[in-house]
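# Examining the three-dimensional arrangement
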Amino acid sequence: MNFDNKIAVITGAAAGIGRATADLFAARGARILAIDRDADGLSALADRGMATLCADVTDSDLPEAVAGKIAPMGGPLSILVNNAGIGGGGRMLETSDDDLRRHFEVNVVGLFRLARFAVGEMKAAGGGSIVNVASIYAEVGATGSAGYSASKGAVAALTRQMATDYGHDGIRVNAVAPGLIETPLTAERIRTEAWRHSIFVKQCPLQRVGQPDDVARAIAFLASDEAEFISGETLRVDGGWAMG
Ligand code: NAD
């Protein structure tokens, strides 16, 4: 996979799956615009030569800020990885309207707004590739994640809808659906011995939790020309956990 000189915008790039993706894309030659609300995390990426933008993906003026950052990079936007997201939450009876709105605001509205901007840019440039980060909770039942699961289901549906509407403009849109991945989002839970030996891991055919690089490689494949005839797909990256 070669991303030589391609401009890739990656959200939630300061940690976890986003950071592993930014590092992998950079190693394959991409020029990265890394977006995150965590300024300290971004500074490590800036030290490695990436352009950075400290912003919240829920900012309605984010597309303008991104346009301002990629203009001096001197090329079309080729790849968008919509990775920023928040987890957590409870069952429906423990989920307030505000909790639900927060999951949708970050995981869906922020992603939608940036994708809409990217589609406009990619259309004008004759094509591009978008990868959205969903979750296996988009398709399998999970306890205690009502707002999160609903938001990730929306991400998978939106991925198919965008792929349908903009394929004829040369734009491919895919998603990854990670299983349990060891990142700052999940680290606290995973580090306990109980979790390491939990039913979650036991039910995983590959008998381990995933690592950010596992997901980054799948994102890179879907974003790359190697996947030129794949669009509208949501690829599970879960060690086989959610297999029917
Ligand atoms: P993480 O918390 O380790 O990293 C997420 C990054 O996104 C952080 O740097 C954070 O600052 C940034 N971020 C969060 N909200 C933001 C916002 N509103 N604006 C800008 N930046 C924001 O999370 P992760 O585990 O790497 O998760 C990345 C994506 O993968 C998320 O969409 C998550 O839902 C999804 N996912 C993770 C797992 C898992 O087990 N870790 C499983 C399925 C899906």
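Residues numbered from 1 in each chain as written. Predicted model: local features only at pLDDT ≥ 70, side-chain atom pairs only at ≥ 80, totals over all residues.

The protein carries the name 3-oxoacyl-[acyl-carrier protein] reductase in an unreviewed UniProt entry, which gives Hoeflea halophila as its organism.

### A word on the overall build of the protein
The condition is simple: A run of H or I in DSSP counts as a helix once it spans at least four residues, and a run of E counts as a strand once it spans at least two, with each numbered from the N terminus. The atom set for the radius of gyration is the C-alpha atoms, and the globule formula is 2.2 Å times the number of residues raised to the power 0.38. Partly exposed residues are those whose C-beta has more than 12 but fewer than 20 other C-beta atoms within 10 Å; with 20 or more the residue is buried, with 12 or fewer it is exposed, and the C-beta atoms are placed from the backbone. Placing C-beta atoms from the backbone, we regard two residues as in contact once those atoms come within 7 Å.
When its secondary structure is counted, the protein shows 9 helices and 7 strands. For the protein, the C-alpha radius of gyration of 17 Å lies close to 18 Å, the compact-globule estimate for 244 residues. If one aligns the C-alpha atoms of the protein with their principal axes, the spans along those axes are about 50 × 35 × 35 Å. Here the protein holds 244 residues, and 43% of them are scored as buried. Taking the intrachain contacts of the protein between residues at least 6 apart in sequence as the baseline, contacts between residues at least 24 apart amount to 72%.

### What about the pairing of strand β3 (residues 51-54)?
Where we set the bar: A pair of strands counts as paired when DSSP detects no fewer than two bridges linking them. We call a crossover right-handed when, viewed with the strands running away from us, the connection from the first strand over the helix to the second turns clockwise.
Relative to β3, strand β2 (residues 31-36) runs parallel, the two being bridged by 4 bridges. Each bridged residue has a counterpart across the sheet, and for D36 the counterpart in β3 is C54. In this view, the connection linking β2 to its parallel neighbour β3 by way of helix α2 (residues 39-47) has right-handed handedness.

### Re the nonpolar core
For clarity, the cut-off: Working definition: the nonpolar core is a set of buried Ala, Val, Leu, Ile, Met, Phe, Trp, Tyr and Cys residues, joined through C-beta atoms within 7 Å.
Core analysis: the largest hydrophobic core is formed by 60 residues, its most contacted members being A8, I10, I32, A34, L80, V176 and I219. With near-sequence residues (within four places) excluded, A34 lies in contact with I10, A13, A22, L42, L45, M50 and T52.

### Digging into the UniProt feature "domain: Ketoreductase" (unreviewed entry) in the protein
What counts, and what does not: UniProt positions are given in the numbering used here, feature names are shortened, and annotations may be inferred rather than shown by experiment.
Per the UniProt record, the feature "domain: Ketoreductase" (unreviewed entry) sits at residues 6-179. Regarding residues 6-179, the helix share stands at 46% and the strand share at 20%, and the terminal C-alpha atoms are separated by 29 Å.

### Description of the pairing of strand β1 (residues 7-11)
With 5 of 5 residues buried, β1 lies mostly within the body of the structure. Across 4 bridges, the pairing between β1 and strand β4 (residues 77-82) is parallel. The residue bridging I7 from the neighbouring strand is L77, located in β4.

### Comments concerning the confidence of the model for the protein
We apply this condition: You can read pLDDT as the predictor saying how much it trusts each residue, on a scale of 0 to 100.
A residue-level look at the protein finds 99% of positions with pLDDT of 70 or above and a mean pLDDT of 95. Across the predicted assembly, pTM comes out at 0.97 and ipTM at 0.99.

### Topic: unusual backbone geometry
We note that N5 has phi near 70 degrees; this positive angle belongs to a residue other than glycine. As for its placement among the helices and strands, N5 is situated in the segment before β1.

### Thoughts on the environment of C54
In this structure, C54 sits in strand β3. Put simply, C54 and L111 are 57 residues apart on the chain and 16 Å apart in space, counted from C-alpha to C-alpha.

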